[in-house]
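# Structural overview
Given next are the chains, with one letter for each unit.
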Amino acid sequence: MNYDNLGKEIIDLVGGENNISSLEHCATRLRFVLKDTDQADNSKINELPKVLQVVEQGGQFQIVIGNDVANVYDAIVKNYSIGQTYAKEENESGKRNIINIIFSYISGTFSPLLPALAGSGMLKELVKY
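Residues numbered from 1 in each chain as written. Predicted model: local features only at pLDDT ≥ 70, side-chain atom pairs only at ≥ 80, totals over all residues. Heavy atoms only, no water.

### A closer look at the overall build of the chain
Let me state the cut-off plainly: Here a helix means four or more residues in a row that DSSP labels H or I, a strand means two or more in a row labelled E, and each is numbered from the N terminus. Each residue is assigned to one of three classes by its accessible area relative to the maximum for its type, calculated with a 1.4 Å probe on protein chains only: buried under 20%, partly exposed between the two thresholds, exposed over 50%. Residues are treated as being in contact if the distance between any of their heavy atoms lies within 4.5 Å. A 1.4 Å probe and the Shrake-Rupley method give the accessible areas. Residues count as covered only by the protein chains that appear here.
Scanning the chain from N- to C-terminus turns up 5 helices and 4 strands. In the chain, the order of α-helices and β-strands from amino to carboxyl end is α-β-β-α-β-β-α-α-α. When burial is assessed residue by residue, the chain has 29% of its 129 residues classed as buried. Pairs at least 24 apart in sequence give 61% of the contacts found in the chain among residues at least 6 apart. Carbon and sulfur atoms make up 54% of the accessible area of the chain, which totals about 8,600 Å².

See the structure below:
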């Protein structure tokens, strides 16, 4: 599989390098923050090899690739100068969605606490017996 070609096709179909504010990846998805989501061609992206699905969620344009996501991400970062952290640019309306801001704040606040909460729940169950 030529990941450089796949990365180029993905970048072209999301509206080009200038339409991308930031790019990250998780275990299975490329997570784009696009300046204009209308420029992305979902149906053509879904037809690409290795692309399983396109999801728009939480202000992100996510392309589900699966286990090869790190290879595709590396090819994109190698060939393009795309910011890997959220840009401080605002979307085209000039304001960020208030709901996304609230959920980002809440999830950012509780993320460091999740291991402690999970551990205390397990400990509570073990002490029961």
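### Focus: the environment of L52
Looking at the element boundaries, L52 is found in the loop between α2 (42–46) and β3 (53–57). On the basis of relative accessibility, which here comes to 63%, the residue L52 falls in the exposed class. Separated by 14 residues in the primary sequence, L52 and G66 place their C-alpha atoms 7.5 Å from one another. Apart from the residues lying within four places of it in its own chain, the contact partners of L52 are N46, V64, I65 and G66.

### Focus: the environment of N18
Checked against the element boundaries, N18 lands in the loop between α1 (3–13) and β1 (20–25). On the accessibility criterion, N18 (68% relative accessible area) is exposed. Residues N18 and I82, spaced 64 residues apart in sequence, show a C-alpha to C-alpha distance of 8.6 Å.

### Topic: the nonpolar core
We apply this condition: Throughout this description, the term nonpolar core refers to a set of buried Ala, Val, Leu, Ile, Met, Phe, Trp, Tyr and Cys residues connected via side-chain atoms within 4.5 Å.
I10, V14, L30, F32, F61 and I63 are the most contacted members of the largest nonpolar core, which totals 24 residues. Not counting residues within four places of it along the chain, the set of residues in contact with F61 comprises V14, L30, R31, F32, L34, A40, N42, I45, V54, V55 and E56.

### Describing the pattern of salt bridges
Using the following cut-off: Whenever a carboxyl oxygen of Asp or Glu lies within 4 Å of a side-chain nitrogen of Lys or Arg, that contact is scored as a salt bridge.
Counted by the stated rule, this structure contains 4 salt bridges. With its nearest N and O atoms 2.7 Å apart, the salt bridge here joins K50 to D68. Taken as a pair, K50 in the loop between α2 and β3 and D68 in the loop between β4 (60–64) and α3 (69–79) lie far apart in primary sequence, 18 residues in all. For the salt bridge of E125 with K128, the shortest nitrogen-to-oxygen distance reads 3.5 Å. In this pair, E125 and K128 both sit in helix α5 (residues 114–128), 3 residues apart, roughly one turn of the helix. Overall, the relative accessible area of 37% leaves E125 in the partly exposed class.

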